[in-house]
Amino acid sequence: MWLPVLGLIIGVILGLMTDIKVPDEYSNYLSIAVLAALDTLFGGIRAQLQNIYDEKVFVSGFFFNILLAASLAFLGVHLGVDLYLAAVFAFGVRLFQNIAVIRRIIIAKWSQNREKTEKNDI
Amino acid sequence: MDSKKKLSFTFITVVIGFMIAIQFQTVKEPSVRDTRDTWQLRADILKEKELQLKLLREISSNEEKIAQYETKRKQSKEQVLRETLEELKMEAGLSEVTGPGIIITIEPVNEELLLGKQADSVSPDLLKRLVNELNMYDAQHISIGGRRVINTTVIRDINRETMIDGYALNRLPIEVKVITENAQTAEKLFNRMQVSNSAEEFFIDNLRIKVEKPAEPITIPAYDEALRVRYMEPVKPEEGGKS
């Protein structure tokens with residue numbers, strides 16, 4: 001359970017230490033890619049909690065979403081339409097939904113646990 | 001969650017963390033905000049301009065110094081002496097010279113219609129005549145067969161071989177290179193040589209001269225032996241003034 005969190009921290013430290021900076025014109029792509037990655041991450045967590053987690057779906061979804069989002073942004077830049085907003089919207093909505101589902105599941109589990117302990121106490 | 005799944009999940013989270021960190025660094029605002037107001041900005045601009053002015057002044061003073069040194073060097077006696085020496089060397093024929101000029105090729109007449117034996121060398125008299133003629137027409141530097149002709153050069157017959165400063169000129173054709181002061185004089189010399197009598201005189205000796213005028217400057221080698229002055233003495237100043 002803690003390994004992924006550790007990985008996240010390691011990733012952040014690595015990123016801060018390497019001092020890489022993306023040029024301004026590409027920061028759009030990176031931001032949308034980060035959003036897609038976060039969406040996939042929370043989707044993965046939700047699936048894990050619902051016991052429908054599939055590794056292949058998760059890993060492929062991660063890369064595919066990032067690529068799709070970046071190419072959408074690229075297309076938008078070349079068409080003169082802010083298409084990346086579509087990706088932001090889609091990922092944003094899904095992010096919220098996923099987090100909401102995760103929250104409900106955790107609350108449900110927690111309350112179940114409490115009921116159990118109360119029963120045990122009695 | 002088995003360990004393989006965990007590993008892939010961890011890998012993805014590492015990537016995500018990396019991306020977030022980079023994004024964070026990219027959009028991070030400058031750490032110190034500029035809070036100066038108009039007057040402070042003006043004062044700062046003034047300060048920078050003063051610095052610029054100072055630097056410019058320094059540059060110009062340094063350049064001035066360089067120019068001063070340059071003129072000092074030029075005006076110094078040593079430099080003048082050096083220049084004079086160079087000039088004299090060039091005049092005496094001790095340095096290689098490049099400039100506009102003409103090339104005269106002396107070759108044997110190959111036609112069989114002529115009687116007598118074929119020419120195999122040039123007589124010194126003819127060569128001397130040619131050199132004199134060239135000098136008459138404002139030639140400045142002359143070389144014959146790659147040997148520089150200077151004031152003390154001797155062209156003479158030794159054992160029936162034409163020698164120039166002790167070097168044999170027995171292989172025809174012989175190239176005579178002539179350098180003049182500028183392109184115009186070269187042109188003039190070229191035209192004069194075209195119509196000069198020496199062509200006929202050479203023809204009597206079964207020789208033919210071909211005059212050509214190359215577009216690019218020609219090079220004449222330096223006189224490569226020591227100059228021995230035996231019968232010359234410097235003119236004494238008082239005597240020189242009287243004459």
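Given the structure is predicted, the values throughout are model-derived calculations rather than measurements.

Rules of the game
Residues numbered from 1 in each chain as written. Chains lettered and ligands numbered in written order. Predicted model: local features only at pLDDT ≥ 70, side-chain atom pairs only at ≥ 80, totals over all residues. Heavy atoms only, no water. Helix = DSSP H or I, 4+ residues; strand = E, 2+ residues; numbered from the N terminus. Rg over C-alpha atoms; globule rule 2.2 N^0.38 Å. Contact = heavy atoms within 4.5 Å. Buried area = accessible area lost by both parts, 1.4 Å probe. Salt bridge = Lys/Arg side-chain N within 4 Å of Asp/Glu carboxyl O. Polar contact = N/O pair within 3.5 Å; in protein donor to acceptor, adjacent residues only side chain to side chain. Nonpolar A, V, L, I, M, F, W, Y, C, P; charged D, E, K, R; others polar. Phe/Tyr/Trp six-rings, centres within 6.5 Å; stacked < 30°, edge-to-face > 60°. Buried < 20%, exposed > 50% of the residue type's maximum accessible area, 1.4 Å probe, protein only. Core = buried A, V, L, I, M, F, W, Y, C linked by side-chain atoms within 4.5 Å. Axes fitted to C-alpha atoms, helices over the stretch in contact; angles between N-to-C directions. Parallel < 35°, antiparallel > 145°, perpendicular 65-115°, else oblique. Left-handed = near helix turned anticlockwise from the far one by under 90°. Pairing = 2+ DSSP bridges. pLDDT = per-residue confidence, 0-100. Patch = residues over 30% accessible without salt bridge, like charges linked within 9 Å, V, L, I, M, F, W, Y side chains within 5 Å. Areas by Shrake-Rupley, 256 points an atom, 1.4 Å probe, with all protein chains shown as cover.

A. Representation of the overall build of chain A in the model. Along the backbone of chain A there are four helices and zero strands. Ordered by position from N to C terminus, the α and β elements of chain A give α-α-α-α. Here the C-alpha atoms of chain A give a radius of gyration of 19 Å, more than 25% beyond the 14 Å that 2.2 N^0.38 yields for 122 residues. Taken over the C-alpha atoms alone, chain A extends approximately 65 × 35 × 25 Å along its principal axes.

B. Structural view of the interface of chain A and chain B. At the interface, 33 residues of chain A touch 23 residues of chain B. For the pair chain A and chain B, the two sides together bury roughly 2,700 Å², of which 77% comes from carbon and sulfur. Taken as a group, P4(A), Y53(A) and E55(A) account for 18% of the area that chain A buries against chain B, more than any other trio of residues on that side. Scanning the region where chain A abuts chain B turns up zero salt bridges. The interface formed by chain A and chain B contains four residue pairs in polar contact (both at pLDDT 80 or more). Mapped onto the side of chain A that touches chain B, the elements with two or more residues apiece are α1 (2-18), α2 (27-49) and α3 (55-79) of chain A. For the side of chain A that touches chain B, the element with the highest residue contribution is α2(A), accounting for eleven residues. Of the residues contributing to the side of chain A that touches chain B, the split by class is 22 nonpolar, eight polar and three charged.

C. Highlighting the packing of aromatic side chains. With the rule as written, the count across this model stands at five aromatic pairs over all chains. A ring pair is formed by Y53(A) and F58(A), whose centres lie 5.6 Å apart and whose planes are at 50°; its orientation type is tilted. Residue class for F58(A) comes out buried when judged on its relative accessible area of 5%. Ring geometry for F58(A) and F9(B): centres 4.8 Å apart, planes at 15°, overall stacked.

D. Quick look at the nonpolar core. Ranked by internal contacts, the top residues of the largest apolar core, which has 28 residues, are I106(B), V122(B), L134(B), I142(B), I144(B), V176(B) and M193(B). Those elements giving two or more residues to this core turn out to be β2 (101-108), α4 (124-136), β3 (141-144), β8 (174-179), α5 (183-195) and β9 (207-212) of chain B. Other than its neighbours up to four places away in sequence, V176(B) contacts I102(B), I103(B), I104(B), I106(B), L130(B), L134(B), I142(B), S143(B) and I144(B). Among the nonpolar cores identified, the runner-up in size contains 22 residues, and F58(A), A73(A), A87(A) and I12(B) belong to it.

E. Region of the structure containing the packing of α3(A) against helix α1 (residues 3-27) of chain B. One can describe the packing of α3(A) onto α1(B) by two numbers: an axis separation of 10 Å at closest approach and a directional angle of 20°. Classed by the angle they form, the pair α3(A) and α1(B) counts as roughly parallel. When you trace α3(A) past α1(B), the crossing you get is left-handed. Residues E55(A), F58(A), V59(A), F62(A), F63(A) and I66(A) of α3(A) touch α1(B), and the partners they reach there are K4(B), K5(B), S8(B), F9(B), F11(B), I12(B), V15(B), I16(B) and M19(B).

F. Structural view of the pairing of strand β6 (residues 161-164) of chain B. Residue and element names in this part refer to chain B. With four bridges joining them, strand β5 (residues 155-158) and β6 adopt antiparallel strand pairing. Residue pairing across strands places I158 opposite E161, the latter belonging to β6. Hairpin connection from β5 to β6: two residues lie between these consecutive antiparallel strands, with N159 at a positive phi of about 55°.

G. The confidence of the model for chain A, seen in detail. In the predicted model, chain A carries a mean pLDDT of 86, and the fraction of residues at 70 or more is 98%. When pLDDT is averaged over each helix and strand of chain A, the minimum, 85, is found for α1(A) and the maximum, 89, for helix α4 (residues 84-121) of chain A.

H. Region of interest: the side chain of N98(A). Assignment of secondary structure puts N98(A) in helix α4. Dropping the residues within four chain positions of it, N98(A) is found in contact with D39(A), F42(A), G43(A) and R46(A).

I. Main features of a nonpolar patch on the surface. Together, W2(A), V5(A), I9(A), I13(A) and M17(A) give the surface a local cluster of nonpolar side chains, amounting to about 570 Å² of exposed area. The residue V5(A) is located in helix α1 in this model.

J. Quick look at the pattern of salt bridges. In total, this model carries seven salt bridges over all chains according to the counting rule given. Residue R94(A) is joined to D39(A) by a salt bridge in which the shortest nitrogen-to-oxygen separation is 2.8 Å. Remark: D39(A) occurs in helix α2 and R94(A) occurs in helix α4; sequence separation between them is 55 residues. The partner of E187(B) in a salt bridge is K213(B), with the nearest N and O atoms 3.4 Å apart. On the criterion of sequence distance, the pair formed by E187(B) in helix α5 and K213(B) in the loop between β9 and β10 (218-220) is long-range, its members being 26 residues apart.

K. Representation of the environment of I155(B). Here I155(B) is to be found in strand β5. Discounting chain neighbours no more than four positions away, the residues touching I155(B) are P124(B), L127(B), K128(B), V131(B), I144(B), T162(B), M163(B) and I164(B).

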